[in-house]
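A structural walkthrough
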Amino acid sequence: MPTTGFASPDDIRASFSRAMSAMYRAEVPLYGDLLALVADVNQGTLAARPALADALRLGGDLERLDEERHGAIRVGTAEELATLARLFAVMGMQPVGYYDLSSAGVPVHSTAFRAVHEDSLRISPFRVFTSLLRLELIDDAPLREMAADLLAKRQIFTAKALALIEQHEVQGGLTPPEADSFVAEALETFRWHRQATVTQAQYQLLHDQHRLIADVVAFKGPHINHLTPRTLDIDHVQQQMPARGITPKAVVEGPPQRKQPILLRQTSFKALEEAVAFTDSQGAAGSHTARFGEIEQRGAALTPAGRALYDQLLERARTGLGGVPAERDPQRYTALLEEAFRDFPDDAQALREQGLAWFRYAPTAKGLAEGSRGRDLTTLLAEGAVQCEPVIYEDFLPVSAAGIFQSNLGGEARSEYGSNANRAQFEQALGRPVIDEMALYEQTQLRSLQACEAQLG
Ligand code: OOG
Ligand code: NI
């Protein structure tokens, strides 16, 4: 990389992630309080559980822990999405996965922009959950037209950001000074704007259709709506939040608490009501609620078989509620969830033996001293010549994401948009296919096995 004279995309991403965090902390001070709480709990957890610290070190997760966060944005048009893909590409972030939220009553579909190689993830795992509004799911034709007109009029990127994206594409990279300028310009797209682009009446129309539509359409750009630090003990953070003036949603989304964490557990705090000015309000304030905070705990990435089992058990727990939203009866939901997940093996060895999770392998000091001596992987593991840790899940979960959307949009589950997954249409808007996350985990596992082979002979 040094020979090209270009800044590394991983470093640009790390720097962008830090800049976003600083901006959001200034915009939403409660996010800073949340960061402080998460850092305290992470430190306490690592001190109390040295084995966990070792496992995180092996997977390259320890050094990235304090750097770790994801954010979310929502855009209004195919062109905005396609340009975002080009902007994120400058930072080595690719669209991974397709998420349909329409079945959960949110008229969007989404992907996650993130780094795709474990070496890059180690430098900065920053991800952005990115949703595209689906105006075609709105029945009200005049409203749809008004929204489309408003979106057609706005430009969410600065001229300089667009020029630097193009320069990156033509030159194949950005020099360090260009990269600094890119980070500053890209940040502008995600900034909060108190000044709306619509009249009070227009805002009301958009809002009455769905609060999300007002959030996407009535502003100058796709303000970052939350940033999420990664905690090692989400239940502890959830429990401590009220003491720090933060009110969490009632239910932690995702799998239940386990000895061996899997996939992703998330909880958020309610969106803040913020003052905004409409074009006709002469500075008098209206209000808009969109921005919130969230925490996440990440565990093992599951194979397709593991994921199918997860989906099945989650569905069992949710069906058990008999139509009552989980948020309304959190205790019962937690009990149902724990009961259902008794059928999911809860130790790393069983997950590995049953092919439910992806693993990263590394030779131990003993293994390096002995060499492989023709032993197979199972024997090498059993004899302590090779160690393994689950690969951490880097993606999102559609049912959980729907729960997060609902909690910050202030509504309960609605199904008025039916089940309308349309990946082909999303990819067309994006201008490229989304990457299959399973292929990425498989490659990570494979590379670790190849490295073992090379080192042990
Ligand atoms: C995104 C909600 C989903 C997550 O972590 O699953 C999400 C949004 O509200 O725009 O953030
Ligand atoms: Ni989130």
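Residues numbered from 1 in each chain as written. Chains lettered and ligands numbered in written order. Predicted model: local features only at pLDDT ≥ 70, side-chain atom pairs only at ≥ 80, totals over all residues. Heavy atoms only, no water.

1. As for the overall build of the chain
Within the chain, the regular secondary structure consists of 19 helices and eleven strands. The C-alpha radius of gyration computed for the chain amounts to 23 Å, which stays within 12% of the reference 23 Å derived for 457 residues, consistent with globular compactness. Counting only C-alpha atoms and orienting by the principal axes, one finds that the chain spans roughly 75 × 60 × 45 Å. Expressed as a percentage of the 457 residues in the chain, the buried residues total 55%. Within the chain, contacts between residues at least 6 apart in sequence are counted, and of these 75% link residues at least 24 apart. Summed over all atoms, the accessible surface of the chain reaches about 18,800 Å², with 52% contributed by carbon and sulfur. Here the chain carries 45 positive and 60 negative side-chain charges, and the mean point of each set is 2 Å from the other. (Helix = DSSP H or I, 4+ residues; strand = E, 2+ residues; numbered from the N terminus. Rg over C-alpha atoms; globule rule 2.2 N^0.38 Å. Buried < 20%, exposed > 50% of the residue type's maximum accessible area, 1.4 Å probe, protein only. Contact = heavy atoms within 4.5 Å. Areas by Shrake-Rupley, 256 points an atom, 1.4 Å probe, with all protein chains shown as cover. Lys, Arg positive; Asp, Glu negative; His and termini not counted. Charge placed at Lys NZ, Arg CZ, Asp CG, Glu CD.)

2. A few points about helix α3 (residues 50–58)
Each turn of an α-helix holds 3.6 residues, which means side chains three or four residues apart point in the same direction. Listed in full, the buried residues belonging to α3 are L52, A53, A55 and L56. All buried residues of α3 fall inside an arc of 165 degrees around its axis, so they share one side. Of the exposed residues in α3, those oriented more than 90 degrees away from the buried face are P50 and A51. Turning to α3, the residues buried within the fold contact α2 (29–48) and β11 (386–390). Following α3 by one or two positions, G60 has its phi on the positive side, about 80 degrees. (Arc of directions from axis to C-beta.)

3. Quick notes on the pattern of salt bridges
Summed over all chains, the structure comprises 28 salt bridges. With a shortest N-O distance of 2.9 Å, D54 and R57 are connected by a salt bridge. Of this pair, D54 and R57 both sit in helix α3, three residues apart, which is roughly one turn of that helix. A relative accessible area of 46% places D54 in the partly exposed class. Note that D235 is salt-bridged to R265, the shortest N-O span being 2.8 Å. Residue D235 is found in helix α11 (residues 234–240), and its partner R265 is found in strand β6 (residues 264–269); the two are separated by 30 residues along the sequence. (Salt bridge = Lys/Arg side-chain N within 4 Å of Asp/Glu carboxyl O.)

4. What to know about the nonpolar core
Membership of the largest hydrophobic core comes to 73 residues, with the highest contact counts inside it found for L101, L206, V217, Y310 and F344. Residues within four places of F344 in sequence aside, it is in contact with R258, I262, L302, G306, L309, Y310, L313, L351 and L356. If you look at the next biggest cluster of nonpolar residues, it comprises 41 residues, including F16, M23, V28 and A186. (Core = buried A, V, L, I, M, F, W, Y, C linked by side-chain atoms within 4.5 Å.)

5. Here we look at the pairing of strand β5 (residues 226–229)
Taking every second residue as pointing to the same face, both faces of β5 are buried, with H226 and T228 on one and L227 and P229 on the other. Relative to β5, strand β1 (residues 69–75) is paired through four bridges, and the arrangement is antiparallel. When the sheet's bridge partners are listed, H70 is paired in β5 with T228. (Pairing = 2+ DSSP bridges.)

6. Quick look at the coordination of the nickel ion (ligand 2)
Each protein donor to the nickel ion (ligand 2) is listed here as H70 (NE2), H226 (NE2) and E294 (OE); together their distances run 2.0 to 2.1 Å. Sequence positions of the residues that donate to the nickel ion (ligand 2) give the spacing H-x155-H-x67-E. Of the two residues, H70 sits in strand β1 while H226 sits in strand β5, which places them 156 residues apart along the sequence. With respect to burial, H70 and H226 carry one shared label: buried. (Donors = N, O, S within 2.8 Å, 3.2 Å for Na, K, Ca; no water.)

7. Considering the packing of helix α4 (residues 78–90) against helix α7 (residues 159–171)
The geometry of α4 relative to α7 is characterised by a closest axis approach of 10 Å and an angle of 65 degrees between their N-to-C directions. Considering only the axes of α4 and α7, their crossing is left-handed. Residues T83, R86, L87, A89 and V90 of α4 pack against L162, I165, E166, H168 and E169 of α7. Considered class by class, the residues forming the contact of α4 with α7 number five nonpolar, two polar and three charged. (Axes fitted to C-alpha atoms, helices over the stretch in contact; angles between N-to-C directions. Left-handed = near helix turned anticlockwise from the far one by under 90°. Nonpolar A, V, L, I, M, F, W, Y, C, P; charged D, E, K, R; others polar.)

8. Description of the sheet that holds β5
A sheet is described by the order of its strands in space; here five strands give the open sequence β2-β3-β4-β1-β5, paired in mixed fashion. Every interior strand has two partners, whereas the edge strands, β2 (94–100) and β5, have only one. Going across the sheet, the axis of each strand differs from the next one's by a mean of 20 degrees, ignoring polarity. Pairing analysis gives six bridges linking β1 to strand β4 (residues 127–133), with the strands arranged parallel. Residue pairing in the sheet places V75 in a bridge with L132 of β4. Contacting β1 and β5, α2 runs over the sheet at an angle of about 10 degrees to β5.

9. Digging into the site of ligand 1
With respect to spatial proximity, 14 residues lie near ligand 1, and among them H70, R74, H226, Q266 and E294 are the closest. Here an oxygen atom of ligand 1 and a side-chain polar atom of R74 are 2.7 Å apart. Side-chain polar atom of Q266 to an oxygen atom of ligand 1: 2.6 Å apart, as the coordinates give it. Looking at the shell around ligand 1, the elements that each hand over two or more residues are β1 and α17 (398–409). The leading source of residues in the shell around ligand 1 is α17, at four residues. (Near = heavy atom within 4 Å. Polar contact = N/O pair within 3.5 Å; in protein donor to acceptor, adjacent residues only side chain to side chain.)

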